[in-house]
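Listed below are the residues making up each chain.
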Amino acid sequence: MIQKKIKENGMPFIVIFITSLFLILPQVLNHSLVLGADSLFHFNRIYDIYMQYKTGDFNYFQTNYGFQQSGRIINAVYGPGFAYLLGGILVAVHSWMKFQIITSFLLFFISGYSMYSLSRSMASTKKISLLMAILFMGSFWVTGWEANQNFMSWGIMLMPLVVLIGLKMIKNNGEELGIVPMALTVALVIQVHVLSALMSISVLVIFFIVGMFKTSHKVQLLVKCFLAGALALILTFNVWGSMLEVFTTNTLFSPFAEPNMAGWTMNISTGNYDFSHLGLVMSVIFILQILFMFSKKETVSLANKLVTITGAGFLILSSNIVPWARLSAIFPQLQSFLQFPYRFNGFAMVLLLAGFGSTLSTISVKSLRKNLEIILMVGCGLILIQAYSTLQNHNEFWHSEQPIYKNSGLHYAGHYSNKQITNKFTSPNLGAGLKMVEKSTPDYLPKYHAGTSTGYATYEKEIIINHKNVKKTVKNGTLIVKWNAKTKGESKRLPIVVYSNSILSLNEHNLSKDKVKLSTIGSPTVKADKKGENTLTLNYHSDMITKLRLVVVALAWVISVLSMIIFYVKSRYDK
């Protein structure tokens with residue numbers, strides 16, 4: 001049975017593998033590094049984990065190596081599990097360029113195979129399922145990681161798996177719905193990207209409600225979902241536990257607030273597929289699928305109806321049909337939490353592509369279906385050509401007068417030539433480029449004083465620039481800061497960040513935060529208690545996230561994954 005399954009999936013595997021290779025070719029052939037809009041932010045996150053692995057000095061909360069060794073909290077509240085996985089990949093390859101190429105390939109391949117699996121579960125033919133997978137792989141959202149280091153690409157990569165779980169809720173009275181697979185899928189998305197997780201959970205809620213109305217085994221479905229939810233909470237305790245502690249004990253700077261949300265919506269278009277345009281191919285597919293579903297709703301399967309209606313809902317949310325200007329004025333939190341309405345489009349794409357593949361596969365007239373498949377193949381070609389062209393364009397920046405694709409808001413440690421910048425980012429010292437080019441992103445910094453400051457200028461002044469005559473080292477997960485004072489009692493603003501649960505010591509004596517003057521972003525001004533060298537240590541104490549509890553979470557993952565693998569192999573063998 002297993003050999004038969006391998007033989008059946010051999011061709012899709014090969015095609016998806018080759019398509020993934022094709023999409024990373026621009027970076028391989030150009031021998032380039034793409035430094036896009038979010039590169040420095042995510043590179044600093046991953047570099048911090050990389051150094052924790054390399055040195056053995058772990059700190060789950062503080063960034064003791066990335067982000068100017070400031071001790072600020074990022075990874076603990078932003079996809080921590082996946083950050084440690086990416087850090088492990090960086091340790092293995094020890095190169096930013098290789099890291100980008102390998103992670104981009106993995107993203108393309110997993111996206112393609114998950115979309116193929118979703119389409120097959122929607123009763124699409126193998127050929128049409130494969131075409132849906134290629135469209136998904138070449139889409140703006142999936143290529144976003146290689147082109148711009150858009151982290152939501154990773155969340156959207158997992159969306160087909162989320163929909164697969166949802167389909168099991170509405171089929172066969174939910175008998176095929178597995179507790180462990182559902183829990184692992186939800187937990188995986190949460191460990192990767194919280195915003196994607198919230199959207200994914202909203203999709204599952206829709207499928208659950210429909211499933212509860214449809215099934216005759218309501219209690220069984222309810223119990224399965226409850227147990228899966230409980231297991232998912234255990235598997236993601238490190239995420240929500242950290243967020244609960246940090247967010248409730250500090251007032252934090254939110255991510256960048258986009259005041260003009262209405263300007264970042266998706267529109268039907270006949271051009272290329274980008275932030276604000278669906279492009280010709282996707283526009284035609286989405287319109288045809290929605291029109292077909294509403295015109296032939298009596299003959300359309302429940303699964304197709306549900307993915308199409310839900311996808312259309314996400315599509316509307318991503319468009320200017322929704323009065324985003326008014327909504328963001330009423331709920332200003334949307335400006336920093338959601339930021340860009342076009343983010344809904346990634347989820348609309350997954351749902352509507354799955355529905356479109358199912359629709360095409362139900363066409364009984366073979367000649368018509370064959371002609372439509374040929375047209376669809378042309379559409380796939382156009383999508384791949386556009387994707388390749390965009391990626392090629394972004395990779396060419398590396399060898400231009402501006403090697404960093406997005407140059408706004410950057411701080412350079414000095415005056416460097418383009419060659420010096422590219423040499424630093426490709427040197428064996430992976431932190432060299434991050435010290436040369438820095439970005440004052442204030443996300444998740446503490447906010448100690450009310451005001452209109454966004455934190456960008458303050459962070460640049462107090463952390464990025466303020467590093468002279470200060471030496472930082474790390475020992476046993478503790479950040480050690482040393483400086484020389486000319487006199488006893490001399491005040492010094494140190495380029496670190498202090499949170500409510502941070503622990504300070506000065507010259508081996510506990511230092512109360514009440515005796516330290518903290519700036520708006522938590523940068524402390526300390527009085528030296530002796531002339532000459534002074535040493536301040538910074539650590540973080542968490543009552544909620546302990547080493548033992550992190551071990552429990554890790555063991556829960558190991559046990560859950562192994563149990564799912566054993567069950568899968570056993571079920572296939574029994575067949």
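This one's a predicted model, so the numbers in the text were calculated from it and none came from an experiment. (Residues numbered from 1 in each chain as written. Predicted model: local features only at pLDDT ≥ 70, side-chain atom pairs only at ≥ 80, totals over all residues. Heavy atoms only, no water.)

**Let's talk about helix 21 (residues 456–464)**
Of all the residues in helix 21, the buried ones are Thr458, Tyr459, Glu462, Ile463 and Ile464. Taken end-on, helix 21 shows its buried residues confined to a sector of 160°, consistent with a single buried face. Of the exposed residues in helix 21, those oriented more than 90 degrees away from the buried face are Ala457 and Lys461. Buried residues along helix 21 sit against strand 1 (410–412), strand 2 (437–439) and strand 5 (491–493). (Buried < 20%, exposed > 50% of the residue type's maximum accessible area, 1.4 Å probe, protein only. Helix = DSSP H or I, 4+ residues; strand = E, 2+ residues; numbered from the N terminus. Arc of directions from axis to C-beta. Contact = heavy atoms within 4.5 Å.)

**A few points about the environment of Gln402**
Among the structural elements, Gln402 can be located in the loop between helix 18 (366–396) and strand 1. Taking the relative accessible area as the measure of exposure, Gln402 reaches 31% and is therefore partly exposed. Spatially, the C-alpha atoms of Gln402 and Ser129 are 40 Å apart, while their sequence positions differ by 273 residues. Setting aside residues no more than four positions away along its own chain, Gln402 makes contact with Phe397, Asn407 and Asn418.

**Considerations on the layout of surface pockets**
Volume-wise, the second largest pocket comes out at about 1300 Å³. If you trace the second largest pocket, you find 43 residues lining it, with Asp38, Pro255, Gln339, Arg343 and Asp443 closest to the centre. Among the secondary structure elements, those contributing two or more residues to the lining of the second largest pocket are helix 2 (39–55), helix 10 (194–214), helix 12 (237–249) and helix 16 (333–337). Residue composition of the lining of the second largest pocket, grouped by class: 24 nonpolar, 14 polar and five charged. (1 Å grid on protein atoms, 1.4 Å probe; cavity = no way out; pocket = protein on both sides within 12 Å on 5 of 7 lines; lining within 4 Å. Points joined across faces, edges and corners; volume = space filled by probe spheres on them. Nonpolar A, V, L, I, M, F, W, Y, C, P; charged D, E, K, R; others polar.)

**Some remarks on the pairing of strand 6 (residues 502–506)**
With respect to burial, strand 6 is a largely interior element, four of its five residues being buried. Sheet topology note: the strand 6/strand 10 (residues 532–540) ladder contains five bridges and is antiparallel. Each residue of the ladder has a partner; that of Ser502, found in strand 10, is Tyr540. Across three bridges, the pairing between strand 6 and strand 7 (residues 509–511) is antiparallel. Its bridge partner being in strand 7, Leu504 is matched across the sheet by Leu511. (Pairing = 2+ DSSP bridges.)

**Re the environment of Gln420**
Counting through the fold element by element, Gln420 comes out in helix 19 (residues 418–425). The class for Gln420 is partly exposed, based on a relative accessible area of 38%. As a C-alpha pair, Gln420 and Met436 span 16 residues in sequence and 9.5 Å in three-dimensional space. Not counting chain neighbours up to four residues away, the residues in contact with Gln420 comprise His415 and Met436.

**Concerning the environment of Ile421**
Along the chain, Ile421 turns up in helix 19. A residue is classified by how much of its surface remains accessible, and Ile421, at 4% relative accessible area, is buried. Those residues within four positions of Ile421 in sequence are excluded, and the remaining contacts are Pro403, Tyr412, Tyr416 and Met436.

**Observations concerning the packing of helix 14 (residues 302–317) against helix 17 (residues 344–361)**
With their axes 8 Å apart at the nearest point, helix 14 and helix 17 run at an angle of 150° to one another. Judged by the inter-axis angle, helix 14 sits roughly antiparallel to helix 17. Of the two elements, helix 14 crosses helix 17, and the hand of that crossing is left-handed. Seen from helix 14, the contacting residues are Asn304, Val307, Thr308, Thr310, Gly311, Ala312, Phe314, Leu315 and Leu317; seen from helix 17, they are Phe344, Asn345, Phe347, Ala348, Leu351, Leu352, Gly355, Ser358 and Thr359. Of the residues assigned to the contact of helix 14 with helix 17, the class counts are ten nonpolar, eight polar and no charged. (Axes fitted to C-alpha atoms, helices over the stretch in contact; angles between N-to-C directions. Parallel < 35°, antiparallel > 145°, perpendicular 65-115°, else oblique. Left-handed = near helix turned anticlockwise from the far one by under 90°.)

**Describing the pattern of salt bridges**
Across all of its chains, the model carries two salt bridges by this definition. Between Lys127 and Glu373 there is a salt bridge whose closest N-O contact spans 3.6 Å. Here the residue Lys127 occupies a position in helix 5 (residues 126–137), and Glu373 occupies one in helix 18, the gap between them amounting to 246 residues. Between Arg369 and Glu373 there is a salt bridge, with its nearest N and O atoms 4.0 Å apart. Of this pair, Arg369 and Glu373 both sit in helix 18, four residues apart, roughly one helical turn. Taking relative accessible area as the criterion, Arg369 reaches 22% and is therefore assigned partly exposed. Among the charged side chains, a network of salt bridges with common partners joins Lys127, Arg369 and Glu373. (Salt bridge = Lys/Arg side-chain N within 4 Å of Asp/Glu carboxyl O.)

**Looking at unusual backbone geometry**
With a phi close to 50°, Gln69 is a non-glycine residue in the positive phi region. Topologically, Gln69 is positioned in the loop between helix 2 and helix 3 (80–93). A relative accessible area of 18% means that Gln69 is categorised as buried. Even without being glycine, Asn172 reaches a positive phi, approximately 50°. On the accessibility criterion, Asn172 (46% relative accessible area) is partly exposed.

**Notes on the packing of aromatic side chains**
Under the counting rule described, the total for this entry stands at 35 aromatic pairs. With 5.6 Å between their ring centres and 65° between their planes, Phe41 and Phe67 make a pair best called edge-to-face. Linking Phe41 in helix 2 with Phe67 in the loop between helix 2 and helix 3, this pair joins segments that are 26 residues apart in sequence. The same class applies to Phe41 and to Phe67, which are both buried. (Phe/Tyr/Trp six-rings, centres within 6.5 Å; stacked < 30°, edge-to-face > 60°.)

**Some remarks on the sheet that holds strand 6**
Pairing within the open sheet is antiparallel, and its five strands lie in the order 3-4-10-6-7. Two strands bound the open sheet, and with one partner strand each, they are strand 3 (471–475) and strand 7. Here the strands of the sheet are splayed against their neighbours by 30° on average, with no regard to which way each runs.

**Points about the sheet that holds strand 5**
Spatially, the three strands line up as an open sheet ordered 5-9-8, and their pairing is antiparallel. Each end of this open sheet is capped by a strand with a single partner; those strands are strand 5 and strand 8 (517–518). Across two bridges, strand 8 lies against strand 9 (residues 524–527) in antiparallel orientation. In the strand pairing of strand 9, Lys517 is matched with Thr525.

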